[in-house]
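# Geometric and topological summary
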Amino acid sequence: MFSKRGCSHCTFQNCPVRPYAKRKPNTKQADCIYDCLDLWLVKWAGLLGDGHQLHGISTFSFQTWLSQARQSKDYALPNSSWSQGMMDLYSRFLEMCKDGTWKRIPSYTWLYRSTQLNLKKSLKLTSEKERKETRLFPRNMDTEGVGFEYAMFLNPSEKRMVCLFQPGPYLEGHPGFAHGGSTATIIDSTIGGCAIFVAGRVMTANLSINYRNPIPLGSVVLVDSKVDQVEGRKVFLSCQVRSIDGQTLHAEATALFIRLDSTKSLQQQMSSQ
Ligand SMILES: CCCCCCCCCCCC(=O)SCCNC(=O)CCNC(=O)[C@H](O)C(C)(C)COP(=O)(O)OP(=O)(O)OC[C@H]1O[C@@H](n2cnc3c(N)ncnc32)[C@H](O)[C@@H]1OP(=O)(O)O
């Protein structure tokens, strides 16, 4: 479908945008692909409808390719929008991954890809076609830095999930501060991720948040969640959102998740692998 020579800058074998590729110094391969795609989209995709041909590449095929590329991109890797504070915290947790205590959780536009749970047999999953048209809510913006920039780390033995969160300008509520709904989203996602890894497929039944101090846009906060108790299908969790230095408590929350099926938890799966 696309040139097999690939992009000379990012070396991606099927990159359709080689002529427009401009690699920033030290840019990782995945970032370079998306820089290329942005350029390409701005230049052409907005001008052409489905089925038009461009240098022999139909935009329909391109959109399919783009959709697949987005689904396979790990959005929880550092990008140029991450502040030094975010990078430092990320490096600190990566360091703690070395002895296996913590695990970095990749992040895709489809939830169950991030969990790497083998749920296909037990779940009535959406079809590939439907999935191309849906996206995990906190991963709904492609432009780096404008929305939810986050990376999660799991500590299986402590049943704890932390999320490094840097809210961008499109999450504004009161001027200069993150909207409370975006804070609720990142809390729900972190707590939810924790519950999924411990208990399998769950849904939020209750989420109670106390907002203590507003979160400045562009700042970095640590969302720290843990499972407190599991009673049958009920998973009780709690969470705190703090500044990196730990001095400011931005929010605290408690939540109840209900397990939807008897799927083995990822923790069990991981230990049996
Ligand atoms: C890693 C990747 C990173 C990325 C991670 C990203 C993670 C994304 C996470 C997103 C999570 C969401 O947004 S989820 C979307 C928001 N949530 C929803 O839409 C859920 C809507 N609600 C429901 O579908 C349902 O009510 C359920 C599934 C929650 C429960 O229904 P059910 O399965 O029929 O269970 P049901 O019999 O009603 O209840 C079971 C038991 O729980 C109790 N129970 C049920 N609801 C409640 C409640 N709100 N408060 C107290 N208790 C409750 C019942 O009394 C009962 O207790 P007893 O009698 O047994 O004692």
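Residues numbered from 1 in each chain as written. Predicted model: local features only at pLDDT ≥ 70, side-chain atom pairs only at ≥ 80, totals over all residues. Heavy atoms only, no water.

The name an unreviewed UniProt entry gives the protein is Acyl-coenzyme A thioesterase THEM4, with Terrapene triunguis as the organism. Its UniProt record, at the heading Sequence similarities (unreviewed entry), says of the protein: "Belongs to the THEM4/THEM5 thioesterase family." (UniProt positions renumbered as here; feature names shortened; annotations may be inferred.)

## What to know about the site of the ligand
Around the ligand, a shell composed of 17 residues is seen, among which Asp 188, Thr 204, Ala 205, Arg 233 and Lys 234 lie nearest. Here Thr 204 contributes a backbone N or O atom positioned 3.0 Å from a nitrogen atom of the ligand. Within the side chain of Arg 233, a nitrogen or oxygen atom sits 2.6 Å from an oxygen atom of the ligand. About the coverage of the ligand: the protein hides 51% of its 1,200 Å² of free accessible area. (Near = heavy atom within 4 Å. Polar contact = N/O pair within 3.5 Å; in protein donor to acceptor, adjacent residues only side chain to side chain. Areas by Shrake-Rupley, 256 points an atom, 1.4 Å probe, with all protein chains shown as cover.)

## Some words on the environment of Ser 182
Tracing the backbone shows Ser 182 in helix α6 (residues 180-199). Spatially, the C-alpha atom of Ser 182 lies 8.6 Å from that of Glu 172, the residues being 10 residues apart in sequence. Not counting residues within four places of it along the chain, the set of residues in contact with Ser 182 comprises Phe 148 and Leu 171. (Helix = DSSP H or I, 4+ residues; strand = E, 2+ residues; numbered from the N terminus. Contact = heavy atoms within 4.5 Å.)

## Describing the environment of Val 227
Relative to the assigned elements, Val 227 resides in strand β7 (residues 221-231). Accessibility expressed as a relative area gives 10% for Val 227, which makes it buried. In contact with Val 227, other than residues within four places in its own chain, are Lys 159, Cys 194, Val 198, Val 235, Phe 236 and Leu 237. (Buried < 20%, exposed > 50% of the residue type's maximum accessible area, 1.4 Å probe, protein only.)

## Focus on the pattern of salt bridges
Following the criterion strictly, the structure yields eight salt bridges and no others. A salt bridge links Glu 252 to Arg 212; its shortest N-O distance comes to 2.8 Å. Of the two residues, Glu 252 sits in strand β9 (residues 249-259) while Arg 212 sits in the loop between β6 (202-211) and β7, which places them 40 residues apart along the sequence. Its relative accessible area of 23% is what places Glu 252 among the partly exposed residues. Connected via shared salt-bridge partners are Glu 158, Arg 160 and Asp 224. (Salt bridge = Lys/Arg side-chain N within 4 Å of Asp/Glu carboxyl O.)

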